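Descriptive analysis of the structure
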Amino acid sequence: MKEYSTEKIRNILLASHSGAGKTILCEAFLHATGATTRMGRIEDGTTVSDFDEEEIRRTISLSTSVIPVEYRDVKINVLDTPGYTDFIGEVISALRVADGAVLLIDAVNGLEVGTEIAWDYCTRFNLPRFLLVNKMDRENANFRKALQTVEDYSETRLIPIQLPWGEKQDFKGVIDLLSMKAYKAQGKTAEEIPADMKDAAEEARMKLVEAAAEGDDVLLEKYLESGSLTEEEVIRGLTLVVQSGDFVPVLVSSGSNEIGVIRLLDAMVDIMPSPLSAAKIVAQGKAGEEILEPKDNAPLAIYVWKTTADPFVGKQTFLRVYAGTISPDARVWNQNKGIEERLGSVNVPRGKESLPVKVIHAGDICVVPKLTETSTTHTLCDKNHPLTLPVPEYPTSLYQVALSPKTQADSTKISSSLTRLCEEDMTLSWHFQTATKQTILQGMGDQHIDVAIRRAESKFQVGILMEEPKVPYQETITKSASAMYRHKKQTGGSGQFGEVHLKVSPLTDKEFDFTWDVFGGAISQSYSSSIQKGIQGVMKEGVIAGYPVSGVLVSVYDGKEHPVDSKPVAFEVAGREAFKLAIKDAAPVLLEPIMLVKITVPEAAMGDVMGDLNTRRARIQGMETQKGRSVVTANVPLTEMLRYTTTLRSMTGGRGVFSMEFDHTEVVPTHLAQAVIDAHTKEMESRKEE
Ligand SMILES: Nc1nc2c(ncn2[C@@H]2O[C@H](COP(=O)(O)OP(=O)(O)OP(=O)(O)O)[C@@H](O)[C@H]2O)c(=O)[nH]1
Ligand SMILES: [Mg+2]
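None of the values given here were measured: they were computed from a predicted structure. Here, residues in each chain are numbered from 1, in the same order as that chain's written sequence. A letter from A marks each chain and a number from 1 marks each ligand, given out in the order of writing. Given that the model is predicted, a residue must reach a pLDDT of at least 70 before its local features are reported, and side-chain atom pairs must reach 80 or more before they are shown or counted; all residues, however, enter totals for whole chains, interfaces and linings.

1. Things to note about the overall build of the chain
Starting at the N terminus, helices and strands are each numbered in turn, a helix being any DSSP run of H or I of at least four residues and a strand any DSSP run of E of at least two. In terms of helices and strands, the chain carries 16 helices and 35 strands. In terms of its C-alpha atoms, the chain occupies a principal-axis envelope of roughly 110 × 60 × 50 Å. The buried share of the chain, taken over its 690 residues, is 46%. Residue pairs are scored as contacts if the distance between their C-beta atoms, which are placed from the backbone, is within 7 Å. Residue pairs in contact within the chain that sit at least 24 positions apart in sequence constitute 73% of those at least 6 positions apart. Whether a residue is buried, exposed or partly exposed is read from the other C-beta atoms within 10 Å of its own C-beta, which are placed from the backbone; 20 or more gives buried, 12 or fewer gives exposed, and intermediate counts give partly exposed.

Spelled out as structure tokens, the structure:
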């Protein structure tokens, strides 16, 4: 692929609700610019962007693809993100490296929740954006109505720079308000605006020119004096008001019919910022904050925004070069790891392809193979000019499953496979939960987890079984109690003898503490560590329900020893048993994790959501409604939230979202605790029978 210098690059993200047509729009870009000879289809699994086996099977995008579109001597790196909310992590990674966004809505459905979420993220990342009313060819397509749904949602001013030329099956092109020309089909050639559209176009043009004039005092003055601006002036003004986020230009298209795509590319080239004029990234350097200048001769600054692992192609690392240039075989410094990595080839990604290039200039995006130590979110730079680039915040996980290997052979592969999958995905993580002895995989929703497990099976050939995760309860005590135990085995051979008296008391700020309060040398302090070892074993295994014990102070205050038969192992047993007895006497209870949950839903769904929360032992902390959306914050036990993604989705037609994080632990109400204890007792009994 050709070399593109910084001012000839655009990094533009496509984001929207699933199904608004992002992936097909990429097909249209490639076809209309002559990069492909025919457009691929979602149904046939033949698009450039959705090349992954699971994407083809599910007919939705699951990860962000880079689609470079070469047009007017500019390379637009189009980042095609997945719209399904489970895969929001992919959108966030792409937002981090984009300089602008095109947000799509379906001309029939208007603004849907996935686009709302993307809209809010663009605001958070301060990204200039376009609104594209796509699928204008659909039966029931309605430009005005679709636009209204966005106006109802956001206060940002929307400013059409195009009007649809016809609608539904009559949608034939766009009326362009910048050039005041009509563009049929793809839009390669201009013609006069049809007579019946003239008035509407004039009126819309007025609003556009007014908006553009707000961008700059000189333009405003000229506009006030002469009442008009040239196309070039409108574009200049528009660029400024779009970049500041004051206005969002509105465009129209039908991706699958390739209508409007060329004018959309023109707008990206003319109005969206190049890396030169985009908002600058601030890095942490040796001497404090450093603003990254997107120049080839500046010290190297690279952010790693995506990693893929594939057993055949190997590891692929996606980079955005913020400053400096890179070429094949370059040596770069990984600031996070403190090591040097050597690049092999340097490539421009296009879907699954890697097109080798000789140099990547400041501002561009590329992919390099086989970086062993480098992961997503790392900074690569010049060893003599160390830098750290900012990392975006990813949401906390919302959904968990417990995993177990299908066979013995799988058990050896499972952890390495999970580690590699999680390396690819910033919203996926796994850990071994000691409290429940389960391997937990957590992510954003059931689809997210399902995809991950299928990938583990197909990419790494590891068989995985899914189970409901157990809640990581803890056991603790609510009063003090004392107990003694004598361990004695003195029949035949060498004997064992140890007697321990101990007292347990509740500890609120610590998991465990131990004091040695034996007076007069009833037992030697050298047995202290054996006694503690016995106690620690029980702390891990639990006493009443098989969950770890926490919040206990143990004081050993008396005991007995035998001159010959006392030995460490005897005191370990005595300590263990005395501790169990004491715990049982100290009014033990179960603790459960309580989450802080924030739920955002359309106002109309609020009644249902509150009613449902009532059945989940929720304690409402706050509630507010703004612009038709209600936000509830509540403390809810984790047990009640394990499958909440699915419930909330069906309760709100997919329009509800939530986040949650661990807040504190609380005692499980007695009747619920009893059920957990009974289940444990039953399990222990059935194990004994086996
Ligand atoms: N009528 C019509 N259908 C379209 C158009 N663009 C896409 N489609 C169809 O809409 C469906 C979804 O298109 P995609 O391009 O996969 O949508 P997406 O936004 O990438 O969806 P996600 O990857 O799930 O976020 C497919 O069946 C397309 O064929 C369009 O302009 N008009
Ligand atoms: Mg897609």
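2. Quick word on the environment of glutamate 393
In this fold, glutamate 393 is placed in the loop between β22 (387-388) and β23 (399-405). Assessed through the 9 C-beta atoms surrounding it within 10 Å, glutamate 393 is described here as exposed. Through-space distance from the C-alpha of glutamate 393 to that of glutamine 532 is 42 Å; in sequence the pair is 139 residues apart.

3. Structural notes on the site of ligand 1
Any residue whose C-beta atom, as set from the backbone, lies within 6 Å of a molecule or strand is reported as near that molecule or strand. If you check the shell around ligand 1, you find 21 residues, and the closest are Ser18, Gly21, Thr23, Ser61 and Gly83. Ranked by residues supplied to the shell around ligand 1, first place goes to helix α1 (residues 22-32) with three residues. Broken down by class, the residue content of the shell around ligand 1 amounts to six nonpolar, eleven polar and four charged. Only Asp, Glu, Lys and Arg are considered charged, only Ala, Val, Leu, Ile, Met, Phe, Trp, Tyr, Cys and Pro nonpolar, and every remaining residue, Gly among them, polar.

4. As for the packing of helix α6 (residues 198-213) against helix α8 (residues 231-243)
Working note: a packed helix pair is described by the angle between its axes plus the distance between those axes. At a minimum axis separation of 7 Å, α6 and α8 run at an interaxial angle of 65°. Of the two possible hands of crossing, α6 and α8 adopt the one that is left-handed. Where α6 approaches α8, its residues Leu208, Val209, Ala211, Ala212 and Ala213 are matched on the opposing element by Val234, Gly237, Leu238 and Val241. When grouped by side-chain class, the residues that make up the contact of α6 with α8 number eight nonpolar, one polar and no charged. Axes here mean lines fitted to C-alpha atoms, for a helix over just the part in contact, with angles spanning 0 to 180 degrees between N-to-C directions. Left-handed describes a crossing whose near helix is turned anticlockwise from the far helix by less than a right angle; the clockwise case is right-handed.

5. Description of the pairing of strand β28 (residues 481-489)
In this analysis, strands are considered paired if DSSP registers two or more bridges between them. Bridge analysis of β28 against strand β29 (residues 496-506) gives nine bridges, and the strand direction is antiparallel. Pairing of histidine 487 across the sheet is with glycine 498, part of β29. Count of turn residues in the β28/β29 antiparallel hairpin: six residues, of which glycine 492 carries a positive phi of about 65°.

6. A look at the sheet that holds β23
Reading across the sheet, the four strands line up as β24-β25-β23-β26 and stay open at both edges, with antiparallel pairing between neighbours. Whereas interior strands pair on both sides, the edge strands pair on one side only; in this sheet they are β24 (429-433) and β26 (464-467). If you compare each strand with its neighbour and ignore which way they point, the axes differ by 35° on average. For β23 and β26, the ladder comprises four bridges, and the chain directions are antiparallel. Bridge pairing links proline 405 to isoleucine 464 in β26. Those strands touched by helix α11 (residues 446-460) are β23, β25 (438-443) and β26, and its axis lies near 120° from that of β25.

7. Digging into the domain arrangement of the chain
Throughout the structure description, domain borders are defined by an automatic or database domain assignment. Domain annotation for the chain reports domain 1 (6-194 + 246-271), domain 2 (282-388), domain 3 (399-470), domain 4 (475-586) and domain 5 (591-671). Taken over C-alpha atoms, the centre of domain 3 sits 38 Å from the centre of domain 4.

8. Observations regarding the sheet that holds strand β7 (residues 162-165)
In sheet architecture, strand pairing relies on hydrogen bonds along the backbone and comes in two forms, parallel and antiparallel. One open sheet accounts for four strands, arranged β7-β8-β9-β10; its pairing is antiparallel. Each edge of the open sheet is held by one strand with a lone partner, namely β7 and β10 (190-191).

9. A short note on helix α12 (residues 528-541)
The α-helix advances 3.6 residues per turn, and as a result positions three or four apart in sequence lie on the same side. The end-to-end C-alpha distance of α12 is 20 Å, a good match for the 20 Å that 14 residues give at a rise of 1.5 Å each. Three or more residues of α12 are buried, namely Ser530, Ile531, Gln532, Gly534, Ile535, Val538 and Met539. For α12, the secondary structure elements touched by its buried residues are β29, β30 (512-516), β31 (552-560) and α13 (568-585). Of the residues flanking the end of α12, it is glycine 542, one or two places downstream, whose phi is positive at about 85°. Under the convention used throughout, the expected extent of a helix is 1.5 Å for every residue step, that is, one less than its residue count.

10. Concerning the environment of valine 676
Structurally, valine 676 is set in helix α16 (residues 670-689). Spatially, the C-alpha atoms of valine 676 and tyrosine 473 are 9.4 Å apart, while their sequence positions differ by 203 residues. In this view, valine 676 contacts Tyr473, Ala545, Leu590 and Val668; residues no more than four positions away in its chain are not counted.

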